[in-house]
Amino acid sequence: MSIGTPQLEALSDKLHELAKRLHSDLTPGDSELNDGNSLVVSAKDCDFLLPTPLTLENLAATVQKKIDNINVLLERARMHESLPPEAQAAAEEENIYMEQDYDNGKRSDKPT
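Residues numbered from 1 in each chain as written. Predicted model: local features only at pLDDT ≥ 70, side-chain atom pairs only at ≥ 80, totals over all residues. Heavy atoms only, no water.

1. Quick notes on helix α1 (residues 5–25)
A rise of 1.5 Å per residue sets the reference length of α1, with its 21 residues, at 30 Å; its end C-alpha atoms lie 30 Å apart and thus fit the reference within 8%. Here α1 has its buried residues at T5, L8, S12, L15, L18, A19 and L22. Seen along its axis, α1 keeps its buried residues to an arc of 150 degrees; they face one direction. Turned more than 90 degrees away from the buried face of α1 sit P6, D13, K20 and S24, all of them exposed. Contact partners of the buried residues in α1: α2 (38–45) and α3 (56–82). (Helix = DSSP H or I, 4+ residues; strand = E, 2+ residues; numbered from the N terminus. Expected span 1.5 Å × (residues − 1). Buried < 20%, exposed > 50% of the residue type's maximum accessible area, 1.4 Å probe, protein only. Arc of directions from axis to C-beta. Contact = heavy atoms within 4.5 Å.)

Set out below in structure tokens:
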């Protein structure tokens, strides 16, 4: 399943907003956050695994990693979109075969 540029941009916006809120709330003596905390609710809305222990510092670090990952994905998606239609189709077909190989256990880089 691929995610398009608009969805990646929307997720990036959410993550950046969450990062701003986290950095404004960071204080020494990082205590654990509960599920009802508005920052935790916002993080869950971004659909990623929360760190353990769930503290402001750990959540801020996790959000930054997610932002970095989204930036890489956005760059790749934009490069793909800039290809001529024939090249896009060829790349998408290659991805389908790679996914099938991965699903069938033929890929050597498959996680164990």
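From this point, the discussion proceeds with the structure in view.
2. What about the nonpolar core?
Of all hydrophobic cores here, the largest spans 20 residues; its most connected members are L15, L22, F48, L59 and V63. Residue assignment for this core shows that the elements contributing at least two residues are α1, α2 and α3. When residues in this core are grouped by element, the largest group, eight residues, is from α3. Sequence-distant contacts of V63, that is, excluding residues within four places in its chain, are made with L15, L18, A19, L22 and F48. (Core = buried A, V, L, I, M, F, W, Y, C linked by side-chain atoms within 4.5 Å.)

Spatial relationships are all this shows, so hold off on functional conclusions.
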